[in-house]
Amino acid sequence: MLKYILKRVAAMALTLFIILSLSFFAIRLIPGDIAGQGAAPELKAALEARYHLDKPLLEQYVIFLKNFLSFDFGESINLYPRRPVFQIIRDKIPTTLQLNIFSLALTIPIGLACGIAAALKKNTWVDYAISAMVVFNVSIPSFVFATVMQYIFCYKLEWFPFLLELEDSSFSLSKFWSMILPILALSFGGISTITRYMRAELFEALNSEYMLLSKSKGLSKLQSTLRHALRNSFIPLCNVIIPMFMNLLGGSMVVENIFGIPGIGSLTSASIQTSDYYLTIAVLFFYSCISLTSMLLVDLSYGIVDPRIRIGGGKVRE
Amino acid sequence: MERILEVKDLHIHFNAFAGAVKAIRGVSFHLNKGETLAIVGESGSGKSVTTKAVTRILPDNAVIDNGEITYKGMDLLAMTEKEFNNIRGNEIGLIFQDPLSALDPVMKIGKQITETLILKQKMPKKEAEARALELMKAVGIPNAEQRFHEYPFQFSGGMRQRIVIAIALASNPQLLICDEPTTALDVTIQSQILELIKKIQKERNLSVIFITHDLGVVANMADRVDVMYAGKIVEEGTVEDIFYDPKHPYTWSLLASMPNLDTKGGDELMVIPGTPPNMLYPPKGDAFAPRNHYAMKIDFDREPPMFKVSDTHYAATWLLHPDAPKVEMPAHLKHRIELQLKEAEKYNG
Ligand SMILES: Nc1ncnc2c1ncn2[C@@H]1O[C@H](COP(=O)(O)OP(=O)(O)O)[C@@H](O)[C@H]1O
Ligand code: SF4
Ligand SMILES: [Mg+2]
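All values reported here derive from a predicted model rather than from experimental measurement.

J.: Report on the overall build of chain A, specifying residues and quantitative values.
T.: Scanning chain A for helices and strands turns up 14 helices and zero strands. Starting at the N terminus, the α and β elements of chain A follow one another as α-α-α-α-α-α-α-α-α-α-α-α-α-α. When burial is assessed residue by residue, chain A has 42% of its 318 residues classed as buried. Considering only intrachain contacts with a sequence separation of at least 6, the fraction spanning at least 24 residues in chain A is 72%. By element, 69% of the accessible surface of chain A is carried by carbon and sulfur atoms, the whole surface being about 16,600 Å².

Structure (structure tokens):
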């Protein structure tokens, strides 16, 4: 197991290195200018000198890598001039995290409940209604959702404020109130994903032979479902739920922008728009770390929850 | 003799996408206490559906149109689900065809055996575990103490089937239904499992319904035989009736297609021509007529009733009608039976 983890971590490091290099070069291809249009040439020259941008690209790359390896991720250029990129990201995380924890607390129970209900009541109106909801959620992109909700509830009905109340970091009811719409917007996609998975997995489990055995040995339908079908169908769900936990940190570019939430998501788009090279690279790197780690966690979790993999490789004995 | 189970005129259809699949079309049989009844038939003839009806684990799209299932005088089909839960396991145990998929892949096998004891019999955990170990030993699982804590995938096919048998026996049922218990197993393992079932049957004086598509295993397992074809019982009799004096052309084909020890290289095994009928559109006359060498005009028009051959022997074929032309079973089958009879005489005399 340890050997396996080490191997995976090494592969992750290599992947991250490639991503880092690619983003370093790719970012230069995005049109834009660090000094902004129509800036005085002296200013531009000074800026370029400060951020090593006057050197040949390859040399810049070497300097950049060296710094990166010593955990110096560079400074922001335009968005928060001279602030270390690391600090900026660190400061943005709590906002995103707060929002996403609420969203996940909504997503997982609702998704599971809908999926279970649909599987148990397959081909009844309950199932059809839930499936319709899933199709609806999947086919409408979150920015449409977010915009429409904002239009109806903030503008027309004026139930909620347009922007988040974020002055203080403490928690208040009015702050939660202002967060409701973005939380909802963030949750819809995840709810449908979990519902879809849960329904398919549980339905398969319910129709398995081991459910027949369980019933034929005298367990009630409820007992068989709880003890056998559900247990079995939860295992593949690791696949979708663990990445959701990792995404707590990442946030959503779309939703954060629409609701003006100063989290990681809106930081990403802002840094790209302002040609804030090092900030953009750091944010991309941050996202890559999250998704690679969650892939690793998903694989490891199978080894924990599924005995066939945990003990597997152990041969069948006669 | 006391009848422990009686099935009368059972009709079941499935609501399938293409229409109603008439899987069971009037099945009647009975099982005496302490005896082993074999139900034999090609795959698709409705054997599993019949057992699922008896244990009431039919899928949701199955509809029982008609029929009565009586167990020890109780009407099984009229019971509520809750009442019936006390029949399942406690009275009737079921052994499945594929032990690989019948066990929960992520639960330790010990727990799968003790589960009902603890949940239903309210047995203390320690006691249930002791009982499970006892059962595992009884069905021939070595190192039971250690294997108690293992998962199904750590067992071979034969061992898994032993576990399924242990589970079925956990609550001391009196009727054991074995639905092709050896079909999914290696040939070498098959006879071990058959021996085990026989041994258990004797020790516990169980009544057994033994389902198979292989007449070969019937001779040394069963007391009586029901031959099933296209959702009906076409012939019923004692093992001797069926093996030595078969009356139904389908039984003839089954017997003739069965290899036995003295089948020599040159001997021809008969293959039953054609395929069973599509049960979406069951034929009007006898379902076997299109595959039957001896079919007469009436066979395509009207279904034959059960004709009585003797007190124990019945067959549904027009050939038994007094007006029917005299038709003998195929010569090579007759020859084979004569040989077997001589063989048997040698043993007995
Ligand atoms: N769930 C189902 N839906 C539709 N048809 C079914 C279903 N289960 C069984 N059948 C049909 O019932 C018939 C008998 O099946 P079965 O009892 O499994 O045969 P076997 O004798 O091989 O055990 C077959 O024609 C099969 O197609
Ligand atoms: S009733 Fe007719 S078709 Fe059916 S088995 Fe007898 S002879 Fe053949
Ligand atoms: Mg079957």
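J.: Could you give an account of the packing of helix H7 (residues 157–169) of chain B against helix H8 (residues 187–204) of chain B, naming the residues involved and the relevant values?
T.: All names here are of chain B. H8 packs onto H7 with a crossing angle of 20 degrees between their chain directions and a minimal axis gap of 10 Å. Taken together, the axes of H7 and H8 are roughly parallel relative to one another. The two elements H7 and H8 cross, and the hand of that crossing is right-handed. Within the contact between the two elements, H7 uses Gly158, Gln161, Arg162, Ile165 and Leu169 and H8 uses Ile189, Gln192, Ile193, Leu196, Ile197, Ile200 and Arg204. Broken down by class, the residue content of the contact of H7 with H8 amounts to seven nonpolar, three polar and two charged.

J.: I'd love a proper account of the sheet that holds strand S5 (residues 74–75) of chain B, names of residues and values included.
T.: Residue and element names in this part refer to chain B. Pairing is antiparallel across the open sheet formed by four strands, whose spatial order is S2-S1-S4-S5. Since the sheet does not close on itself, it has two edges, and those belong to strand S2 (19–32) and S5, each with one partner. Of the strand pairs in this sheet, strand S1 (residues 3–16) and strand S4 (residues 62–71) are connected by eight bridges, and their pairing is antiparallel. Directly across from Lys8, in S4, lies its bridge partner Glu68. Most of the contacts of helix H1 (residues 47–54) go to S1, to which it runs at about 115 degrees, and overall it touches S1, S2 and S4.

J.: An account of the packing of helix H4 (residues 85–120) of chain A against helix H13 (residues 277–305) of chain A is requested, with residue identities and associated values reported.
T.: Residue and element names in this part refer to chain A. At their nearest, the axes of H4 and H13 sit 10 Å apart, and the two run at 50 degrees to each other. When the interaxial angle is binned, H4 and H13 end up oblique. Between H4 and H13 lies a crossing whose hand is right-handed. On H13, the residues that touch Val85, Ile88, Ile89 and Ile93 of H4 are Tyr278, Leu279, Ala282, Val283 and Phe286. In the contact of H4 with H13, the residues fall into nine nonpolar, no polar and no charged.

J.: Account for the sheet that holds strand S10 (residues 232–238) of chain B, with residues named and values stated.
T.: All names here are of chain B. Pairing within the open sheet is mixed, and its eight strands lie in the order S6-S7-S8-S3-S9-S10-S12-S11. Both outer strands of the open sheet, strand S6 (92–95) and strand S11 (307–308), are each paired with one neighbouring strand and no more. Across the face of the sheet, H1 comes into contact with strand S3 (36–40), S6, strand S7 (175–179), strand S8 (207–212) and strand S9 (224–229) while running at roughly 150 degrees to S7. In the packing of helix H11 (residues 249–256) onto the sheet, contacts are made with S3, S9 and S10, and the angle to S9 comes to roughly 105 degrees.

J.: Give me the nonpolar core: which residues, what numbers.
T.: Within the largest apolar cluster, 76 residues are counted, with the highest numbers of intra-cluster contacts made by Leu5, Ile113, Ile165 and Ile209 of chain B. A per-element tally of this core places H7 of chain B first, with eight residues. Counting 33 residues, the second-largest nonpolar core is a separate cluster that includes Ile27, Ile77, Leu279 and Leu300 of chain A.

J.: Could you give me a rundown of helix H12 (residues 264–273) of chain A, with the residues and numbers involved?
T.: All names here are of chain A. Most of H12 sits inside the fold, with seven of its ten residues counted as buried. For H12, every residue scored as buried is listed here: Ile264, Gly265, Ser266, Leu267, Thr268, Ser269 and Ser271. Following H12 by one or two positions, Ser275 has its phi on the positive side, about 50 degrees.

J.: Please set out the domain arrangement of chain B residue by residue, giving values where relevant.
T.: Residue and element names in this part refer to chain B. When its domains are assigned, chain B resolves into domain 1 (3–226) and domain 2 (240–348). Look at where the C-alpha atoms of domain 1 and domain 2 centre, and you get two points 29 Å apart. Facing 14 residues of domain 1, the contacting portion of domain 2 comprises 14 residues. Buried area between domain 1 and domain 2, summed over both chains or domains, comes out near 1,300 Å², and the portion from carbon and sulfur atoms is 64%. Three residues, Arg25, Glu42 and Leu215, lead the burial of domain 1 against domain 2; their summed loss comes to 48% of the area buried on that side. Here domain 1 and domain 2 share one salt bridge between them. As a salt-bridge pair, Glu42 and Arg291 come within 3.1 Å of each other at their nearest N and O atoms. Applying the counting rule to domain 1 against domain 2 returns three residue pairs in polar contact (both at pLDDT 80 or more). For the side of domain 1 that touches domain 2, the secondary structure elements donating two or more residues are S2 and helix H9 (215–218). The greatest single-element share of the side of domain 1 that touches domain 2, amounting to five residues, is contributed by S2.

J.: Could you give an account of the site of ligand 1, naming the residues involved and the relevant values?
T.: All names here are of chain B. Near ligand 1 the following residues occur: Phe14, Ala23, Glu42, Ser43, Gly44, Ser45, Gly46, Lys47, Ser48, Val49, Pro59 and Asn61. One nitrogen or oxygen atom from the main chain of Ser45 is found 3.3 Å from an oxygen atom belonging to ligand 1. Here a nitrogen atom of ligand 1 sits 3.3 Å away from a polar atom, N or O, in the side chain of Asn61. Broken down by element, the residue count for the shell around ligand 1 peaks at three residues, all from H1. Taken together, the residues of the shell around ligand 1 sort by class into four nonpolar, six polar and two charged.

Rules used in this analysis
Residues numbered from 1 in each chain as written. Chains lettered and ligands numbered in written order. Predicted model: local features only at pLDDT ≥ 70, side-chain atom pairs only at ≥ 80, totals over all residues. Heavy atoms only, no water. Helix = DSSP H or I, 4+ residues; strand = E, 2+ residues; numbered from the N terminus. Buried < 20%, exposed > 50% of the residue type's maximum accessible area, 1.4 Å probe, protein only. Contact = heavy atoms within 4.5 Å. Areas by Shrake-Rupley, 256 points an atom, 1.4 Å probe, with all protein chains shown as cover. Axes fitted to C-alpha atoms, helices over the stretch in contact; angles between N-to-C directions. Parallel < 35°, antiparallel > 145°, perpendicular 65-115°, else oblique. Left-handed = near helix turned anticlockwise from the far one by under 90°. Nonpolar A, V, L, I, M, F, W, Y, C, P; charged D, E, K, R; others polar. Pairing = 2+ DSSP bridges. Core = buried A, V, L, I, M, F, W, Y, C linked by side-chain atoms within 4.5 Å. Domains from an automatic or database assignment. Buried area = accessible area lost by both parts, 1.4 Å probe. Salt bridge = Lys/Arg side-chain N within 4 Å of Asp/Glu carboxyl O. Polar contact = N/O pair within 3.5 Å; in protein donor to acceptor, adjacent residues only side chain to side chain. Near = heavy atom within 4 Å.

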